[in-house]
Every structure is written in structure tokens, then in C-alpha cells.
Amino acid sequence: MLSNGGFYLGKLLSNVDRREEVVKILKVLMKRHMNVLDRQLSRSECSEQVIAMFFEKSNKNRQFVIDLFSNSIGIREQMETEGFIDQLLSSAIPEKNKMLAAFSQTAWGRAKLRTSGALDVVVDVFSSSTEIEEKLSFIAAFRHFVHDTAGMRHLSENLVFVNTVVRDINKYVEEYRNECVPSVDMEFVTKLRAVDSETLENEQAMALVEETVDRLHKDFYSMWSYDTPQTSPRRAHSMSPPYSPSPNYSFPSSVASSAGSSPAARRTSEGILDELSDVESDHEEEKKEEKETIEEKRKRQEKSIVEGELWLLTWLAQDDHNLQFLIRDDVVDCVVSYLRSTRDPDFRTYRVLRRMATHRTHVYRLLDLEFHVRILTGLCAAPCRMLKYAVPCKHCDKCAEHGREILREFASHVDNSYGDAHINSQFTKDDFVHRTKAAIAKIVLVKERIRLAKVPALTELFDALSHVMSSPENFKEIGKMTTYENGPSFVSQIIGALSILISGQKIKELCLNDMWYFPPKPGTGQCLLEAPPPGEELLRFIDDADSEIAVAPMKTVCENSHYFEGMYSSDFVEKTEAVRTFQVQSESCSPEDFRIFIHLLSTCTATCSTVSSAEQCATLLALSDQFLCPDVSERLCNIYGPLRTYLNGPSLHTLLPVALATSGHPTLLDTVLLTLVRFSSSENVTAALEAICENSTVVNTFITSLRAFLTRSANIDM
Ligand SMILES: [Zn+2]
Ligand SMILES: [Zn+2]
């Protein structure tokens with residue numbers, strides 16, 4: 001900049017009449033030669049004038065004062081006075097909060113903001129503001145406190161601040177909810193089938209088998225499982241040092257760049273200088289803004305705000321002192337739902353939860369919050385991990401991986417005499433819900449055998465399950481209740497805890513026994529109904545309105561059904577009178593389902609025997625039990641059969657009652673129980689158990705089978 005222009009311009013500011021003109025020039029110079037201008041202005045002793053300009057009646061120069069203050073060093077230093085802050089606090093000028101926020105850039109300013117109470121004022125405005133731009137500028141201001149321990153402590157102690165962060169994150173998750181909808185990897189199951197039927201060359205087949213087993217590995221965790229900590233907490237610490245923030249730590253978003261310390265870096269982003277509307281701006285910037293619609297800009301900015309808040313939360317959690325204010329159910333929940341339910345979350349946010357888990361002081365509080373259940377259901381049981389053979393999903397895998405890491409940390413502080421004592425003390429309570437919660441914590445977090453044996457946790461869990469399922473009323477009242485807001489049902493918590501007992505080896509075994517059902521392709525297979533052997537006696541099936549459903553060869557029907565065999569081979573009336581018609585009771589099933597059943601009964605292998613849903617499977621299996629057709633049951637339930645393919649969390653309420661009532665295949669019940677404990681969301685579990693609790697005999701069969709299944713598959717002695 002030529003000669004000493006800034007100095008003279010600064011001097012001229014005292015002349016009120018020429019002020020307008022001078023400010024215009026200064027704005028242009030600020031954009032182009034900030035550093036030189038700053039130096040020259042600060043020598044002109046104009047700080048008093050600039051401050052006075054902020055409090056002028058007209059608001060036209062206020063933004064200029066904020067910009068000058070925010071982007072200078074020398075002149076800012078002269079403006080940083082207690083008098084200025086006091087004057088701001090007592091004024092009613094709308095821009096005063098922005099001005100106060102700008103003080104956050106220096107250590108002096110931050111200390112003054114904190115001690116004068118101005119920081120609390122800014123937090124209050126931040127909380128009530130609905131202006132996106134304004135919120136962004138406050139976030140930028142708060143970010144400067146990262147360098148200031150006392151300031152950060154002040155923020156964490158400020159209830160309004162933490163509440164606002166939680167509220168904003170929840171609102172964001174609600175508005176941009178993007179939860180995975182898992183789908184089956186058809187390419188994978190086709191390969192699986194090919195490997196099994198050995199239609200491939202040996203070498204090729206071996207490679208595929210290996211790939212298959214590798215791929216399945218991710219499924220070998222129980223629904224709530226995580227690796228058991230093998231090391232003492234101290235050792236675990238030294239192996240993976242706790243995250244220590246460095247000033248360079250930042251989110252890869254626009255918020256991050258706005259936190260850059262040099263004014264130049266701020267210029268291209270959401271920085272304060274962006275608001276210099278009447279000064280010529282860079283062409284590039286203009287172009288960029290043109291491309292982005294208003295809606296897109298709003299979305300990007302809302303994301304920036306929430307990411308900024310989460311970033312601050314992550315930083316706050318680094319200081320042990322702050323954890324006492326952050327360990328709250330709503331803080332845990334909002335971070336979990338941000339990670340689980342939004343598109344491309346910043347996974348480093350999980351450090352908030354990990355920090356909570358690593359702090360021994362707060363173990364009891366976290367146990368009482370059911371921290372482990374929140375992590376298990378929210379992160380470990382991410383949607384794509386709850387479907388067998390799901391298309392691989394990085395998001396869900398990452399959620400589960402972080403969830404397990406958090407739990408490992410947490411368990412290392414619970415699985416010792418200190419943490420365990422708290423759990424054991426709960427066992428003496430009269431309230432059975434309390435005792436069950438303690439039993440869940442015990443099973444999930446304590447792995448050390450001697451500590452595990454101190455209280456009868458498993459007995460407690462099974463007793464609770466029996467009690468909850470003993471009547472539909474109990475189920476509704478206790479089974480379906482939640483132990484915290486938006487939490488999983490009580491009964492699904494019990495099942496989840498039991499799931500942890502199943503060994504990976506058992507899951508692997510059961511998964512490998514499970515192939516995929518491919519319906520017959522058109523033009524393949526044989527159908528005796530379409531082309532009955534000539535000269536054979538036929539059996540005609542009709543509905544109760546006498547319409548024909550199907551006509552099948554008598555011999556084949558009798559061979560495959562003990563019921564029809566008994567009916568037509570013995571001295572039954574039908575035989576002697578040569579009536580070859582069977583009337584189907586319509587209430588038992590639809591004519592369409594019965595038609596498929598007759599095709600299956602007649603060993604049909606063409607498309608007419610296609611089973612297309614879980615409900616149909618259940619109906620067909622019931623028919624096959626009713627008409628005593630073991631081969632049809634076997635065909636429905638075997639490892640290539642449709643039942644296992646249609647069996648998943650959402651269909652469990654249809655298939656669990658059927659599986660408990662049938663003996664179609666020796667490993668079927670195991671597969672169904674595995675689906676219950678491993679591949680079902682808490683809603684699925686609740687619906688499935690509700691479907692059977694009407695009938696106490698079925699409930700008894702269920703509990704006995706579950707116990708037997710766990711005993712056969714358990715990691716520990718039952
Ligand atoms: Zn997913
Ligand atoms: Zn057929």
C-alpha cells in the first residue's frame with residue numbers, strides 16, 4: 001500500500017462528516033491489504049473512534065467494525081478493553097452478540113468473555129437464535145475456546161450450551177434421518193449355492209469356499225457381542241493411547257476451514273468476511289454460490305452447525321473435568337443416533353462415547369444409565385448387521401466396530417472388583433426389573449468366571465423371561481415396557497443379553513448349514529398334475545363352494561401323506577364308493593396355498609411349486625403337519641428350502657410359532673433361535689415373542705428349547 005495511507009485514513013475517522021467516505025475506502029483496502037492496513041491504522045490511534053462507530057445510532061458501520069476487529073491484530077489489540085465489553089453488555093444493539101463473539105479470537109478476549117458473563121450471554125443467544133448465519137458465526141467463536149481449558153470447562157458447565165447442542169443434533173437427525181435398509185447380497189448367495197452343489201471346478205470351488213467363509217466372518221458375532229478384553233485396563237490403555245487432541249484436529253467440512261487461524265483462510269468460507277456484501281468479491285466465490293441453490297446452501301450450513309457442535313462436544317469430552325457434565329442419557333443418545341442414522345456421519349464423534357467409557361470415576365453412573373444397552377442396540381446392532389447375507393455396508397460395519405471398541409473399554413472398568421460390586425449390590429433389590437437389569441449388565445460386561453459366578457445372573461434372566469412370558473398381560477405390561485426413553489423393550493434386552501453367550505463357532509456352523517432357496521426356473525422340473533401318468537386314478541380337491549382347486553394322481557398323494565394314505569387305502573367309505581373328491585375346509589387356508597401344497601405333495605418340481613413368502617411357508621408347513629406329510633415338511637425346512645430363506649427378523653413372528661410346533665427338520669429350530677438372538681432387531685424380538693405368549697405350552701417349549709440351544713452353543717457353563 002502506498003506511503004502511509006492507513007495512518008491518515010485512521011486519523012480522518014475522527015471527522016464525523018467524512019467518516020462515510022473513509023469507511024468505503026477502508027473496506028476495499030481491508031479486502032486487499034489487510035496486514036499493511038492493520039499496521040498503519042493501529043499507529044493512528046483510531047480505536048476509540050472505531051468503537052464509537054459501533055455505538056452510533058445508525059447501524060451502517062457496525063458490520064465494518066466487527067470485520068475490522070475480527071481480521072486485524074494490531075487494531076484489535078487496541079480495541080480489546082474491559083470498557084468496550086461492559087459497554088456491549090449494557091447495550092441493546094442487535095449486533096452486540098456478534099461483536100462479543102469476535103472477542104473469542106484471543107486469549108485475553110476469551111478470558112474476559114468468560115469472567116464478565118458475556119460468554120453466557122452469547123450462549124443464550126446461540127440457543128435461541130434461528131438465524132443460520134448467526135449460529136455459524138457463534139460456532140466459529142466457540143471453536144476458538146478449544147485452546148482455552150478454563151473456557152471449555154465453562155462451556156461444559158453451562159447447561160444451556162449442552163442442552164442446545166443435544167437439541168440441535170436431535171433435530172438434525174430427525175430432519176435428515178437416513179437409516180440403512182439392508183438387502184440380501186444375491187450375488188453372494190448364488191455363489192454360496194454354487195459352492196455347495198460342487199458344480200464348479202475344484203480349484204475354483206476352493207477359492208469360493210474360502211471367500212465365503214471369510215465373508216461370513218463378520219456375522220460370527222452375537223447380536224450384542226464384542227471382543228472380551230484380554231488385558232487389564234492399564235495395559236489396554238498403553239496399547240491404544242487415549243485420543244489426545246491437537247490444535248490441528250478439525251472436521252473435513254466448511255466449519256473446519258472457517259476455524260483456520262489466518263484471515264485469508266477464512267475468506268473463502270463461512271467466515272465473517274463473507275458478509276462484506278457491498279465490497280467487490282472474488283469472481284470464483286460468486287460462481288460457486290451461483291451453482292448452489294438456496295436449499296443446498298441451507299442443508300450444507302445446517303450440517304456445518306451440527307458438525308461444529310459435535311466437534312466441540314468431542315473436544316469437551318477430552319477433559320476429565322467436563323465428563324461429569326456430559327455423561328447424560330440425552331448426550332449419549334444423540335451421538336449414537338447421529339452415528340447410526342445420518343448419511344456420512346463423522347465417525348470421530350464416537351470419541352465422545354469412548355471417553356465416557358474410559359473414565360472409571362463414572363462407571364456407576366454409566367451402569368445406571370444402561371450405557372451398554374444404548375451402545376449395543378444403537379451401534380453394535382446396526383441395521384445391515386442384523387440381516388444374514390446382507391450386502392456389505394461400510395457404515396454399519398463401522399458403527400459396530402466403534403460400538404465394540406466402546407464396550408471393550410467400558411467392560412474393562414466394570415469387569416473388576418470395583419465395577420462388579422455395584423452390579424452385585426443390585427441383586428439384593430426387591431424390584432425384579434432392577435435385578436434383571438443387573439443380570440443383563442453382568443452377562444454383557446463381566447467375563448471373569450469367578451466374578452460371574454458370584455450372583456446367579458443366568459437364573460435371574462431365565463426367571464425374568466419366564467415371568468414376562470407367563471401371560472399376555474404380563475408380556476404387555478412388563479415385556480414391552482422400556483427401561484429408558486426410546487429404549488428397546490425389556491424382553492428384547494433379556495434376549496440380547498442371552499445372545500452374548502453364543503459362541504462364534506456355533507453361529508458359523510449354523511450359517512454354513514444355511515443355503516439359499518431359489519424357486520424353480522420356468523421350463524424346468526416336472527409336474528405330475530399337468531401331465532399325470534396315463535391310466536392312473538386321480539384325486540380331485542375342491543373348496544367348500546365345490547370349485548376345483550387341483551387334481552392329482554392318487555398314488556403319489558397317498559405315498560406322501562399318511563393322512564390320505566389312511567383315508568383312501570383302508571376300508572374307508574370313500575374307497576368303496578369310489579368317490580375321488582376331497583373337500584378342503586376354507587378356514588384353514590386359501591385355495592391358492594392349498595394348490596401349492598398339493599403340487600408339493602405330488603413331488604412337483606416345476607414353477608407351480610414355488611413358495612413365495614414367509615406366511616405361505618407357515619401355512620404350508622401347518623398343512624403338511626395336518627395331513628402328515630414328513631417329506632413336504634422336510635422339503636420346506638431343509639437347508640435349500642424356502643423357510644430358512646424367508647426366515648429373518650421381520651418374519652420371525654410368523655415363523656417362530658411354526659418352528660416350535662413342527663419337527664420338520666432337525667436343525668430348523670436352532671436356525672430359528674439363532675435368528676431370534678442374532679438377526680432380529682428389538683422390535684422383531686418383541687413381535688415374535690408376543691406371537692407365542694398366548695399359549696403357555698408353546699412358551700414352555702420355547703424356554704426349554706432356548707435353554708438347550710444356549711447350553712449347546714454357549715461360551716460359558718450354563
Ligand atoms: Zn448399513
Ligand atoms: Zn406342479
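Each chain has its residues counted from 1, following the order in which its sequence is written. Chains carry letters and ligands carry numbers; both start at the beginning, A for chains and 1 for ligands, and go up in the order they are written. In keeping with the predicted nature of the model, local features appear solely for residues at pLDDT of at least 70, side-chain atom pairs appear and are counted solely at 80 or more, and the whole-chain, interface and lining totals rest on all residues. In computing side-chain properties, one takes all heavy atoms of the structure into account and sets aside hydrogens as well as water.

Taking an unreviewed UniProt entry as the reference, the chain is identified by name as RYDR_ITPR domain-containing protein belonging to Caenorhabditis tropicalis.

Visitor: Any chance you could break down the overall build of the chain for me, citing the residues and the numbers?
Guide: Counting its regular elements, the chain contains 44 helices and three strands. Categorising residues by exposure relies on relative accessible area from a 1.4 Å probe, with only protein chains included: less than 20% of the type maximum marks a residue as buried, more than 50% marks it as exposed, and the intermediate range marks it as partly exposed. A burial count over the chain gives 54% of its 718 residues as buried. About 32,000 Å² of surface is accessible on the chain, with carbon and sulfur atoms providing 52% of the total. In this text, helices come from DSSP runs of H or I with a minimum length of four residues, and strands from runs of E with a minimum of two, each type numbered from the N-terminal end. Surface accessibility in these figures is a Shrake-Rupley result with a 1.4 Å probe; residues are shielded only by whichever protein chains are displayed.

Visitor: An account of the coordination of the zinc ion (ligand 1) is needed here, citing residue identities and associated values.
Guide: Around the zinc ion (ligand 1), the protein contributes the donor atoms Cys-180 (SG), Cys-384 (SG), Cys-393 (SG) and Cys-396 (SG), at 2.2 to 2.4 Å from the metal centre. For the zinc ion (ligand 1), the four donor atoms are set out with angles of 105 to 113° between them, so the coordination reads as tetrahedral. Mapped onto the sequence, the donors of the zinc ion (ligand 1) take the spacing C-x203-C-x8-C-x2-C. Here Cys-396 lies in helix α26 (residues 394–414) and Cys-384 lies in the loop between α25 (371–380) and α26, a separation of 12 residues in the sequence. Under the relative-accessibility criterion, Cys-384 is labelled buried at 7%. Only nitrogen, oxygen and sulfur atoms qualify as donors, provided they sit within 2.8 Å of the metal or within 3.2 Å for Na, K and Ca; with water excluded from the atoms, sites may seem incomplete. Four donors are marked tetrahedral only if all angles between them lie between 85 and 135 degrees, whereas four are marked square planar and six octahedral if opposite donors are more than 155 degrees apart and the other angles lie between 65 and 115; the remainder are marked irregular.

Visitor: An account of the pattern of salt bridges is needed here, citing residue identities and associated values.
Guide: Side chains bearing opposite charge may pair, as long as their charged atoms lie close to each other. The working definition used for a salt bridge is a side-chain nitrogen of Lys or Arg within 4 Å of a carboxyl oxygen of Asp or Glu. Within this structure, the stated rule accounts for 34 salt bridges. With a closest N to O distance of 3.2 Å, Glu-20 and Lys-60 form a salt bridge. With Glu-20 in helix α2 (residues 19–32) and Lys-60 in the loop between α4 (47–54) and α5 (62–71), this pair connects stretches of sequence that are 40 residues apart. You can call Lys-60 partly exposed: its relative accessible area is 43%. Put simply, Lys-437 and Glu-370 hold a salt bridge, and the shortest N to O gap is 3.7 Å. Linking Lys-437 in helix α28 (residues 432–445) with Glu-370 in the loop between α24 (363–368) and α25, this pair joins segments that are 67 residues apart in sequence. For Lys-437, a relative accessible area of 24% puts it in the partly exposed group. In this structure Glu-370 comes out as buried when scored by relative accessible area, which is 4%.

Visitor: An account of the packing of helix α27 (residues 417–426) against α28 is needed here, citing residue identities and associated values.
Guide: It is at 8 Å that the axes of α27 and α28 come closest, and there the two elements cross at 150°. Judged by the inter-axis angle, α27 sits roughly antiparallel to α28. For the pair α27 and α28, the crossing hand works out as left-handed. Of the residues in α28, those touching α27 at Asp-420, Ile-423, Asn-424 and Gln-426 are His-434, Arg-435, Ala-438, Ala-441 and Lys-442. Residue composition of the contact of α27 with α28, grouped by class: three nonpolar, three polar and three charged. Working convention: axes come from line fits to C-alpha atoms, limited for helices to the stretch in contact. Angles between N-to-C directions cover 0 to 180 degrees. Note on angle classes: values under 35 degrees are labelled roughly parallel, values over 145 roughly antiparallel, values of 65 to 115 roughly perpendicular, and the remainder oblique. Crossing chirality is assigned from the near helix's rotation relative to the far helix, an anticlockwise turn below a right angle marking it left-handed and a clockwise turn marking it right-handed. Any pair of residues with heavy atoms lying within 4.5 Å of one another is described as a contacting pair. In this classification, Asp, Glu, Lys and Arg are treated as charged, Ala, Val, Leu, Ile, Met, Phe, Trp, Tyr, Cys and Pro as nonpolar, and every other residue, Gly included, as polar.

Visitor: So, helix α9 (residues 107–116): which residues are in play, and what are the values?
Guide: Those residues of α9 that fall on the buried side of the exposure criterion are Gly-109, Arg-110 and Leu-113. On an axial view of α9, the arc spanned by its buried residues comes to 100°, and they lie on one face. The exposed set on the far side of α9, more than 90 degrees from its buried face, consists of Ala-107 and Thr-115. Of the surrounding elements, those touching the buried residues of α9 are α8 (96–102) and α10 (118–128). Just beyond α9, the residue with positive phi is Gly-117, at close to 90°. To obtain the arc, one takes the directions from the helix axis to the C-beta atoms.

Visitor: Got a sec to walk through the coordination of the zinc ion (ligand 2)? Specific residues and values, please.
Guide: The zinc ion (ligand 2) binds to the protein through Cys-527 (SG), His-599 (ND1), Cys-604 (SG) and Cys-608 (SG), with metal-donor distances spanning 2.0 to 2.3 Å. Viewed at the metal, the four donor atoms of the zinc ion (ligand 2) are separated by angles of 102 to 120°, and the geometry they form is tetrahedral. Summarised as a motif, the one-chain spacing of the donors to the zinc ion (ligand 2) is C-x71-H-x4-C-x3-C. With Cys-527 in the loop between α33 (504–512) and β1 (538–542) and Cys-608 in the loop between α37 (591–601) and α38 (614–626), this residue pair connects regions lying 81 residues apart in the sequence.

Visitor: Lay out the sheet that holds strand β3 (residues 581–583) with the relevant residues and their values.
Guide: Read across the sheet, three strands follow the order β2-β1-β3 without closing on themselves; strand pairing throughout is mixed. Among the strands making up the open sheet, the edge pair consists of β2 (548–553) and β3. On average, each strand axis in the sheet is inclined to that of its neighbour by 20°, with strand direction left out of account. Bridge analysis of β1 against β3 gives three bridges, and the strand direction is parallel. When the sheet's bridge partners are listed, Ile-542 is paired in β3 with Gln-583. The strands touched by helix α35 (residues 562–569) are β1 and β3; relative to β3, the strand with the most contacts, the crossing angle is about 130°. In this fold α37 packs onto β1 and β2, with an angle of close to 5° to the strand it touches most, β2. Pairing between two strands is assigned when DSSP locates at least 2 bridges connecting them.

Visitor: I'd like a description of the confidence of the model for the chain, backed by residues and values.
Guide: Per residue, pLDDT measures the predictor's confidence, with a range of 0 to 100. Averaged over all residues, the pLDDT of the chain is 82; the fraction at 70 or higher stands at 84%. Here helix α17 (residues 254–258) stands out as the least confident element of the chain, with mean pLDDT 32; helix α22 (residues 329–341) is the most confident, with 97. Predicted confidence for residues 228–282 stays below pLDDT 50, and this span has 100 contacts to residues more than four positions away or in other chains.

Visitor: Lay out the pairing of β2 with the relevant residues and their values.
Guide: Relative to β2, β1 is paired through five bridges, and the arrangement is antiparallel. Bridge assignment links Leu-538 to a residue of β2, and that residue is Pro-553. Counting the residues in the hairpin turn of β1 and β2 gives five residues, including Asp-546, whose phi is positive at 65°.

Visitor: Help me get a handle on the packing of aromatic side chains, residues and values and all.
Guide: Any two of the Phe, Tyr and Trp rings considered here, Trp counted by its six-membered ring, make a pair once their centres fall within 6.5 Å; the pair's planes then place it as stacked at under 30 degrees, edge-to-face at over 60, or tilted in between. Within the structure shown, the criterion is met by 31 aromatic pairs. A ring pair is formed by Tyr-563 and Phe-564, whose centres lie 5.3 Å apart and whose planes are at 90°; its orientation type is edge-to-face. A relative accessible area of 31% means that Tyr-563 is categorised as partly exposed. Here Phe-564 falls in the buried class, since its relative accessible area comes to 0%. The interplanar angle of 10° and the centroid separation of 6.3 Å between the aromatic rings of Phe-564 and Tyr-568 together place this pair among those described as stacked.

Visitor: Tell me what's going on with α35, and back it up with residues and numbers.
Guide: Those residues of α35 that fall on the buried side of the exposure criterion are Phe-564, Met-567 and Tyr-568. With its buried residues spanning 80° around the axis, α35 presents them on a single face. Whenever a nitrogen or oxygen atom comes within 3.5 Å of another N or O atom, the pair is scored as a polar contact, on the condition that within protein one atom can donate a hydrogen and the other can accept it, and that pairs from neighbouring residues in sequence are kept only if both atoms are in side chains. Where α35 begins, the capping side chain belongs to Ser-561, and its oxygen is found 3.2 Å from the backbone nitrogen of Tyr-563.

Visitor: An account of the environment of Met-152 is needed here, citing residue identities and associated values.
Guide: Summarising the element assignment, Met-152 is placed in helix α12 (residues 149–157). Taking the relative accessible area as the measure of exposure, Met-152 reaches 5% and is therefore buried. With 164 residues separating them in the primary sequence, Met-152 and Leu-316 have C-alpha atoms 6.4 Å apart. Apart from residues no more than four positions distant in its own chain, Met-152 is found in contact with Phe-145, Val-146, Leu-312, Trp-315, Leu-316 and Asn-322.

Visitor: Tell me about the environment of Ile-639, residues and numbers included.
Guide: As for its placement among the helices and strands, Ile-639 is situated in the loop between α39 (630–637) and α40 (642–646). Given a relative accessible area of 22%, Ile-639 falls into the partly exposed group. For the pair formed by Ile-639 and Leu-668, sequence separation is 29 residues and the distance between their alpha carbons is 8.6 Å. Those residues in contact with Ile-639 that lie beyond four places of it in its chain are Asn-513, Asp-514, Met-515, Trp-516 and Arg-644.

Visitor: Explain unusual backbone geometry to me, and be specific about the residues and the numbers.
Guide: Peptide bonds are, in most cases, trans, and in most cases residues other than glycine have a negative phi. Of note in the backbone geometry, Tyr-389 takes a positive phi value of approximately 60° without being a glycine. With respect to the secondary-structure elements, Tyr-389 resides in the loop between α25 and α26. Of note in the backbone geometry, Asn-486 takes a positive phi value of approximately 60° without being a glycine. Inspection of the secondary structure assignment puts Asn-486 in the loop between α31 (472–479) and α32 (490–499).

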